[in-house]
Amino acid sequence: MATIPADATAARPGISSFERYLTLWVALCIVAGIALGHALPGLFGAIAAAEVARVNLVVAVLIWLMIVPMLLKIDFGALGSVRQHWKGVGVTLFINWAVKPFSMALLGTLFLGYLFAPLLPAGEASSYIAGLILLAAAPCTAMVFVWSNLCDGEPNFTLSQVALNDLIMVFAFAPLVGLLLGVASITVPWDTLLLSVVLYIVVPVIVAQLVRRAVFASGGQAALDRLLARLGPVSLVALLATLVLLFGFQGEAIIAQPLVIALIAVPILVQVYFNAGLAYWLSRRFGVAWCVAAPAALIGASNFFELAVAAAISLFGLKSGAALATVVGVLVEVPVMLSVVAIVKRTRNWYEKGATA
């Protein structure tokens, strides 16, 4: 069985001030992007034209700067400890891969395809639904460590579960997205989807693991922590720069339909609380310890929005409704996940009274 170094498991990340106010920064990026897109249309047009094989070079660089630092935190050696918490792992795998993508496709179709359809721009509902599917098909990676720490979750479980999800994502993301987009009657550009998986999952995972091993071999956990501390702000700045670009291209549509963002957020919020609640309830029914059930609920509910944004841009373009929908996921991520943390902490007594070994 692979073991996790004691100093690695002892590192329990907290949420930084920058991360805590991510929703505010995203809101400011919306304003800045719309203003810059209106003031500098030529610049944004040149950025949009910088493509090779439907991959925007500027966005690709920014997304790599977002994703690779996240993946550096993942230790695939932790997969050996999955057996220690097999019930919690089973619950989160079920939620992440058998419930969440399908429930999001259903909720997106219900809300955006039917209930809210008269309030949305004509012909855009299917694109928004595609963005929601991409969001739900990518389980969260880095921020889960923050959420788990905030609710005193079992760090070994969190690490092993995230590593397992990332490994599954390499093989399952493209088929799952292709299936759900097909069910939603959205044309699947398979060549672009597979290219996105290679560019934004396979290659970054390999690069991150090579860098992680090299840094760990030369300086241990302390050296890795220093590298992550330096790269953390780079990752967040790259995310915000990507959002400015997205809203620079989306500006006119948003000004014309400001209600769209709020409407897209509705199925996302319903899906988060539904999946978190289901994971928490199943954990209780199966007698999972609370310190595992709490992060299980959070892993089951949160999304790898960086990957979703990258895939949406590659598949549907910077100006697409799909890209906008994934950005709404970024907008609501921090406040909604902090609310889930508060709920699982406040219900700990209720949980432990009902959980049976």
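A quick note: this is a predicted structure, and the numbers were derived from the prediction, not measured. (Residues numbered from 1 in each chain as written. Predicted model: local features only at pLDDT ≥ 70, side-chain atom pairs only at ≥ 80, totals over all residues. Heavy atoms only, no water.)

> Break down the overall build of the protein chain for me, citing the residues and quoting the values.
The secondary structure content of the protein chain amounts to 15 helices and two strands. Every one of the 357 residues in the protein chain was classed for burial, and the buried ones make up 56%. Long-range contacts, defined here as pairs at least 24 residues apart, represent 87% of the contacts in the protein chain between residues at least 6 apart. Surface accessibility of the protein chain: about 14,300 Å² in total, with carbon and sulfur atoms responsible for 70%. (Helix = DSSP H or I, 4+ residues; strand = E, 2+ residues; numbered from the N terminus. Buried < 20%, exposed > 50% of the residue type's maximum accessible area, 1.4 Å probe, protein only. Contact = heavy atoms within 4.5 Å. Areas by Shrake-Rupley, 256 points an atom, 1.4 Å probe, with all protein chains shown as cover.)

> How would you explain the nonpolar core if you had to name every residue and give the values?
Counting residues in each nonpolar core, the largest one holds 124 residues, and the members touching the most others are Phe173, Leu243, Ile264 and Ile268. Examining the composition of this core, we find that 20 residues originate from one element, helix 10 (residues 190–256), more than from any other. Ignoring sequence-local partners within four residues, the contact set of Ile264 consists of Leu112, Tyr128, Leu132, Leu324, Ala325 and Val328. (Core = buried A, V, L, I, M, F, W, Y, C linked by side-chain atoms within 4.5 Å.)

> Got a sec to walk through the environment of Ser160? Specific residues and values, please.
You can see Ser160 is positioned in helix 9 (residues 155–183). You can call Ser160 buried: its relative accessible area is 0%. Between the C-alpha atom of Ser160 and that of Gln84, which follows or precedes it by 76 residues, the distance is 9.8 Å. A polar atom in the side chain of Ser160 sits 3.0 Å from the backbone oxygen of Phe157. (Polar contact = N/O pair within 3.5 Å; in protein donor to acceptor, adjacent residues only side chain to side chain.)

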